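Coordinate analysis (summary)
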Amino acid sequence: MSVDKDTVRRIAKLARIALPEERVEPMVRELNGIFDWVQQLNEVDVAGVAPMTSVVEQRLKMRDDVVTDGGNAEAVVANAPLTEDRFFLVPKVVE
Amino acid sequence: MSAAPESPKERSKLINGQTGPWEIVIGLEVHAQVLSKAKLFSGASTAFGAEPNSQVSFVDAGMPGMLPVINRYCVEQAVRTGLGLKAQINLTSVFDRKNYFYPDLPSGYQISQYKNPVVGEGEVFIDLPDGETVRVGIERLHLEQDAGKSLHDQHPDYSYVDLNRSGVALMEIVTKPDMRSSEEAAAFLRKLRAIVRYLGTCDGNMDEGSMRADVNVSVRKPGAPLGTRCEVKNVNSMRFVAQAVEFEARRQVDILESGGSIKQETRLYDNRAGETRSMRSKEEAHDYRYFPDPDLLPLVLEDAWVKEIAKSLPELPDEKKARFMKAGLSAYDAAVLVSERETADYFEAMVRDGADAKQAANWLNNEYFGRLNKAGLTVSTGPVSATANSAIVQVVAANVISGKIAKDLLDIVWTEGGDPRAIVESRGLRQVTDTGAIEKAVDEIIAANPDKVAEVKAKPKLAGWFVGQVMKVTGGKANPQVVNAILKERLGITEEG
Amino acid sequence: MTLPSTPTDFTLAEARDAVRAKKISSTELTKAFVAAVESARSLNAFVTETPERAMAMAKASDARLVKGEAGALEGLPIAIKDLFCTKGVRTTAGSNILGNFVPPYESTVTQNLWNDGAVLLGKTNMDEFAMGSSNETSYFKPVLNPWRARNSNEGLVPGGSSGGSAASVAANLCLGATGTDTGGSIRQPAAVTGTVGLKPTYGRCSRWGIVAFASSLDQAGPMARTVRDAAILLKSMASVDPKDSTSVDVPVPDYEAMLAGGVKGLRVGIPKEYRIDGAPPEIDALWSKGGEWLKAQGAELVDVSLPHTKYALPAYYIVAPAEASSNLARYDGVRFGHRAAGIHDVLELYEKSRAEGFGAEVRRRILIGTYVLSAGYYDAYYSRAQKVRALILRDFTEAFKKCDVLLTPATPGPAFAIGAKTSDPVSMYLNDVFTVTVNLAGLPGLAVPAGLTRDGLPLGLQVIGKAFDEATVLRVGQSIETAANFAAKPATWWRAA
């Protein structure tokens with residue numbers, strides 16, 4: 001399987017990374033170089049093997065339903081590029 | 001799905017187009033906010049209406065290096081809801097990341113459950129006004145995080161983002177496409193709301209957004225395969241659900257009948273315009289790239305824990321209704337009483353205090369609920385306690401006061417409060433059963449109205465006038481049966497009384 | 001024991017003992033390291049130096065030492081990889097997109113270190129978001145390896161991604177440092193800088209507060225001059241953290257105390273698949289020598305097979321970018337970090353901020369990850385890679401039935417020249433061929449310096465252990481260290497006059 005220019009444009013859009021048109025073709029080559037190399041995974045017989053999700057073998061930790069956090073809006077917005085009245089600001093969204 | 005509708009009942013749900021009848025097929029995706037103090041994966045508060053970004057942990061803000069740890073109580077609430085929906089509880093479920101970009105989605109992904117939800121198939125029965133019961137299948141229930149809130153009307157150029165809701169636990173409850181009319185959809189939502197409120201897993205408050213519905217609507221010719229559906233978002237009241245379904249079904253029928261085809265899309269319900277419209281922001285084809293969240297492990301529940309939760313489940317509306325009917329209530333009365341847990345509890349408190357079940361139900365449905373409605377109150381906020389209403393029903397049943405006086409008594413308790421029994425005594429509301437006193441009143445009225453006596457003798461049905469006069473004279477306190485018996489005797493009426 | 005005349009030449013253990021014995025104050029020791037850091041700026045090992053904080057922490061340590069309240073690392077200056085969030089100290093992850101991020105929180109690992117009395121010298125340079133094997137992807141320019149080939153002035157890479165930490169340990173700019181290892185990012189730079197690097201078992205050190213690269217693989221660990229120093233640091237770094245759902249509930253032992261005992265009777269597995277075509281003969285020779293050293297100390301060598309080894313790297317290059325593409329979605333210019341100028345809508349905000357904020361390698365990996373998770377490709381890539389991962393773990397489980405630890409080369413070669421591999425991503429990725437299997441299986445792996453190439457560049461061996469058996473891994477590492485008697489230090493060509 002290899003990617004073409006349209007695929008690269010589509011995944012760049014999905015990943016929200018601007019990709020100038022002149023970078024599309026080189027990116028196609030770079031990605032295909034990598035995908036060609038990972039193709040060797042197709043040699044492996046994975047029949048009946050469950051995909052691994054975590055190496056950790058224990059029960060999921062759980063918290064009690066207690067409020068222990070929040071009340072710190074100042075710190076939450078401290079690193080934001082643009083705020084007003086402790087709201088984050090983004091260019092207007094049209095729904 | 002079901003075959004072509006044949007019964008008149010089913011036929012009545014069809015909507016008519018120029019090319020004949022169409023069937024509406026409806027499925028719902030309901031987001032119900034889990035009643036919990038803290039969020040699903042952080043220790044920030046879930047309380048409604050706080051200052052912007054004040055109930056946000058660094059986890060909820062998607063800060064670098066922050067990690068989720070699940071709230072046990074939220075899991076318990078989801079299990080409890082699943083049990084209330086008579087659903088399969090999956091002892092192993094998985095949290096996935098649903099990846100998309102949106103300003104109120106801080107991490108760029110929502111933690112949700114995709115392939116392996118915590119709750120599987122279940123069912124809900126809804127009662128329609130005509131007495132029909134419809135089964136609506138539940139497809140699944142899963143836990144997920146809520147997003148933050150974007151405010152678009154604060155500034156001409158900017159949207160304002162508040163993350164207080166970000167990370168609040170939601171249960172997404174998905175139905176099978178089993179509903180066939182806007183009434184059924186609304187009835188389902190009402191029933192679901194009642195169930196989660198009985199369970200205490202969601203407050204069902206649609207105004208504050210703690211229960212929201214996305215409605216999937218398609219239309220088809222009766223008996224035809226399912227049509228292409230549109231998902232209508234932002235439907236935030238029972239009334240809007242009905243309106244949105246009606247509008248959307250009509251829109252689709254019009255398109256199909258004019259030779260067009262339905263485009264599968266997400267539409268927004270605009271309650272001011274009463275219409276649905278295509279959502280510009282959702283136009284782009286979605287590719288959510290779900291994968292198991294590597295920050296979490298599979299959620300494995302112990303069977304014993306689930307059984308413990310099952311044991312702690314309260315009696316739910318369907319069981320309660322059956323029990324009320326066994327106690328002699330009509331299906332309608334029972335359904336009204338169980339529609340809200342508070343109402344059922346109120347009714348049961350009246351019965352516990354000594355009122356007869358049927359009489360208590362009649363009293364509530366005929367007298368008290370009407371007054372509450374008019375005043376915009378509920379049983380919890382209304383001024384008359386269950387004990388007081390029970391006392392009123394009991395003094396009527398014991399013939400201490402008449403039904404008419406009971407209404408006056410309710411008025412007094414409503415405005416002034418107090419113990420109904422004491423009021424009956426202190427204000428002399430006891431009905432007069434002293435035959436001598438009633439005979440005297442009857443005789444005086446007969447003596448004063450010879451013309452009326454003549455009329456009644458010719459037309460016995462007019463005896464009611466005399467009853468009214470007696471009541472007037474006795475201040476409504478005369479026992480109506482006694483009055484009737486004496487009148488019959490004095491006026492010589494034989495049978496019609 | 002005679003102490004070196006220059007405090008910066010102390011090992012961490014020597015410094016600890018000297019400070020406790022009041023032979024030197026933390027202030028004196030810290031002053032010396034602050035000066036060393038300043039004089040070595042040509043190495044570009046630090047992104048942010050924190051001399052004032054270091055001196056203040058040293059002063060506080062001295063006060064505690066006087067009161068007899070010394071922690072395990074009291075007064076000892078260390079360096080922190082700039083992937084660990086440090087409260088009030090800029091944390092960049094080597095990226096422009098986090099260029100001015102000042103975390104309002106402290107990572108669990110660094111908090112553990114400060115709780116034990118350690119002193120922060122500064123934040124070390126690294127490959128952007130830990131994606132790289134040479135430190136050349138850092139937004140803050142590459143780090144130079146303190147080592148140069150004999151008779152050469154050519155700049156060499158220090159390995160990556162924890163290249164700044166490795167270089168500062170190798171150049172005696174700190175007593176030890178933290179690193180993180182997702183595919184080899186502690187062990188590979190340790191090996192090519194002649195230092196000791198330990199990647200603990202996944203779940204041993206909390207990931208809370210460490211900027212995430214690939215959540216199911218990332219693990220923090222110590223980088224140090226000696227195996228003993230690594231053992232001391234690990235004990236402080238490791239903990240059971242309720243804030244990290246993948247932190248494992250296993251008590252942290254006293255690794256230093258467990259170093260004693262040697263390797264007599266231990267079964268050391270030699271996996272045949274780690275003999276690869278094209279590797280320099282020096283690598284194989286050193287590997288054999290390592291086996292001989294252990295055998296001479298009483299260990300038994302066992303031939304084992306890890307048949308899926310060659311598939312580890314390609315599987316890694318699907319799993320890690322997939323998780324990274326999701327983990328890095330939060331860098332969107334809304335809540336922190338770089339935001340592009342002159343933007344008109346949200347889409348542009350995202351696309352420009354991310355294109356400007358991420359470097360080429362990070363962009364490339366995000367695109368790979370997005371693609372392998374996207375609809376239609378998930379099964380072919382991501383799901384298959386996770387199955388291969390399960391097989392790799394199974395290989396190790398089988399091998400560990402026959403042996404207690406595994407011995408392998410740490411890298412396929414010594415440090416290479418800056419720019420030598422930047423044009424071919426796959427050749428760069430191959431640097432991690434011996435280390436990445438350990439991450440996929442979640443096991444502990446230790447790189448320990450074992451010799452020099454003909455050109456005088458350091459090479460390391462790797463010891464791989466069973467899950468949570470760091471103690472044995474360290475013991476074997478110390479046996480190699482003792483046998484190799486690796487005393488070489490790079491010439492101090494970088495030191496400012």
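Worth saying up front: this structure is predicted, and the values here are computed from it rather than measured.

**What to know about helix 8 (residues 281-296) of chain C**
Along an α-helix, residues three or four positions apart point the same way, because every turn accommodates 3.6 residues. Residue and element names in this part refer to chain C. Across its 16 residues, helix 8 extends 23 Å between first and last C-alpha, which sits within 8% of the 22 Å expected from 1.5 Å per residue. Looking at helix 8, one finds that the buried residues are I283, L286, W287, G290, G291, W293 and L294. What you see down the axis of helix 8 is that its buried residues fit within an arc of 160°, all on one side. Summarising the geometry of helix 8, the exposed residues directed more than 90 degrees from the buried face are P281 and A296. Packed against the buried residues of helix 8 are strand 7 (267-271), strand 8 (300-304), strand 9 (405-409), strand 10 (445-452), strand 11 (458-465) and helix 15 (470-484). Residue G298 follows helix 8 closely and has a positive phi angle near 105°.

**Focus: the sheet that holds strand 6 (residues 109-112) of chain B**
Residues and elements named next belong to chain B. Spatial strand order, 6-5-16: 3 strands in an open sheet with antiparallel pairing. Unpaired on one side and paired on the other, strand 6 and strand 16 (291-292) mark the two borders of the sheet. As judged from the 2 bridges shared by strand 5 (residues 96-99) and strand 16, these two strands associate in the antiparallel manner. Paired with R97 across the two strands is F291, which belongs to strand 16.

**Some details on the nonpolar core**
Residues B:F188, C:L113, C:F129, C:L173, C:F396 and C:I480 are the most contacted members of the largest nonpolar core, which totals 316 residues. Setting aside residues no more than four positions away along its own chain, C:L113 makes contact with C:L73, C:I78, C:I80, C:A118, C:T178, C:L233, C:S236 and C:M237. Residues B:I438, B:I446, B:V467 and B:L491 belong to the second largest nonpolar core, which totals 18 residues.

**Concerning the side chain of B:T201**
All names here are of chain B. Looking at the element boundaries, T201 is found in the loop between helix 3 (182-199) and strand 12 (211-220). The class of T201 is buried, set by a relative accessible area of 0%. Within the structure, T201 has its side chain in polar contact with the side chain of T81 (distance 3.0 Å). If we skip the residues at most four places from it in the chain, T201 touches Q33, V34, L35, Q77, R80, T81, M171 and V196.

**Some details on the interface of chain C and chain A**
One widely used convention gives an interface's size as the accessible area the parts lose upon coming together. Counting from both sides, the interface comprises 69 residues of chain C and, opposite them, 48 residues of chain A. Roughly 5,100 Å² is buried in total at the junction of chain C and chain A, and carbon and sulfur atoms are behind 71% of that figure. The three residues of chain C that bury the most area against chain A are C:L367, C:Y371 and C:R384, which together make up 14% of that side's buried surface. At the boundary of chain C and chain A, one finds 4 salt bridges. The shortest N-O distance in the salt bridge between A:K61 and C:D249 comes to 3.8 Å. At the junction of chain C with chain A, the criterion picks out 18 residue pairs in polar contact (both at pLDDT 80 or more). Of all elements in the fold, only helix 9 (312-327), helix 10 (346-357), helix 11 (360-373), helix 12 (379-399), helix 13 (425-429) and helix 14 (436-441) of chain C reach the threshold of two or more residues within the side of chain C that touches chain A. The greatest single-element share of the side of chain C that touches chain A, amounting to 13 residues, is contributed by helix 12 of chain C. In terms of residue class, the side of chain C that touches chain A is built from 39 nonpolar, 14 polar and 16 charged.

**Looking at the sheet that holds strand 2 (residues 83-84) of chain A**
Taken in spatial order, the 4 strands of this open sheet run 2(A)-3(A)-10(B)-9(B), and their pairing is antiparallel. Bordering the open sheet on either side are strand 2 of chain A together with strand 9 (149-151) of chain B, each of which pairs with just one other strand.

**A closer look at the packing of aromatic side chains**
For the coordinates displayed, the defined rule picks out 33 aromatic pairs over all chains. Taken together, a centroid distance of 5.7 Å and an interplanar angle of 70° make the contact between B:Y100 and B:Y288 edge-to-face. Here B:Y100 is found in the loop between strand 5 and strand 6, whereas its partner B:Y288 is found in the loop between strand 15 (275-278) and strand 16, with 188 residues between them in sequence. Pairwise contacts between aromatic rings join C:F101, C:F129, C:Y331, C:F336 and C:F358 into one cluster. Across from the ring centre of B:Y109, 4.0 Å away, lies the NZ or CZ of B:R97, which sits over that ring. Across the ring face of B:W465, the terminal group of B:K452 is positioned such that the distance to the ring centre comes to 4.9 Å.

**Concerning the pairing of strand 9 of chain C**
Residues and elements named next belong to chain C. The buried fraction of strand 9 amounts to 5 of the 5 residues, a majority that puts the element mostly inside the structure. As judged from the 2 bridges shared by strand 7 and strand 9, these two strands associate in the parallel manner. Its bridge partner lying in strand 9, V268 is registered against V405. Sheet analysis places strand 9 next to strand 11, joined by 5 bridges and oriented antiparallel. The residue of strand 11 that forms the bridge with T408 is Q462.

**Let's talk about the confidence of the model for chain C**
Looking at chain C, pLDDT values average 96 and 100% of them are 70 or higher. Predicted complex, confidence summary: ipTM 0.97, pTM 0.91.

**So, unusual backbone geometry**
Residue and element names in this part refer to chain C. Note that the residue after G160, namely S161, is joined by a cis bond; omega there is 5°. Relative to the helices and strands, S161 is located in the loop between strand 3 (119-124) and helix 5 (163-170). Of note, the phi angle at K141 is positive, near 75°, even though the residue is not glycine. Assignment of secondary structure puts K141 in the loop between strand 3 and helix 5. Although it is not a glycine, N485 sits at a positive phi angle of roughly 45°. Among the secondary structure elements, N485 is positioned in the segment after helix 15.

**Let's talk about the confidence of the model for chain A**
Per-chain confidence: chain A averages 94 in pLDDT, with 98% of residues scoring 70 or above. Mean pLDDT values for the elements of chain A range from 95 in helix 2 (residues 21-38) of chain A up to 97 in helix 3 (residues 73-77) of chain A.

Calculation notes
- Residues numbered from 1 in each chain as written.
- Chains lettered and ligands numbered in written order.
- Predicted model: local features only at pLDDT ≥ 70, side-chain atom pairs only at ≥ 80, totals over all residues.
- Heavy atoms only, no water.
- Helix = DSSP H or I, 4+ residues; strand = E, 2+ residues; numbered from the N terminus.
- Expected span 1.5 Å × (residues − 1).
- Buried < 20%, exposed > 50% of the residue type's maximum accessible area, 1.4 Å probe, protein only.
- Arc of directions from axis to C-beta.
- Contact = heavy atoms within 4.5 Å.
- Pairing = 2+ DSSP bridges.
- Core = buried A, V, L, I, M, F, W, Y, C linked by side-chain atoms within 4.5 Å.
- Polar contact = N/O pair within 3.5 Å; in protein donor to acceptor, adjacent residues only side chain to side chain.
- Buried area = accessible area lost by both parts, 1.4 Å probe.
- Salt bridge = Lys/Arg side-chain N within 4 Å of Asp/Glu carboxyl O.
- Nonpolar A, V, L, I, M, F, W, Y, C, P; charged D, E, K, R; others polar.
- Phe/Tyr/Trp six-rings, centres within 6.5 Å; stacked < 30°, edge-to-face > 60°.
- Lys NZ or Arg CZ within 6 Å of the ring centre and 35° of its normal.
- pLDDT = per-residue confidence, 0-100.

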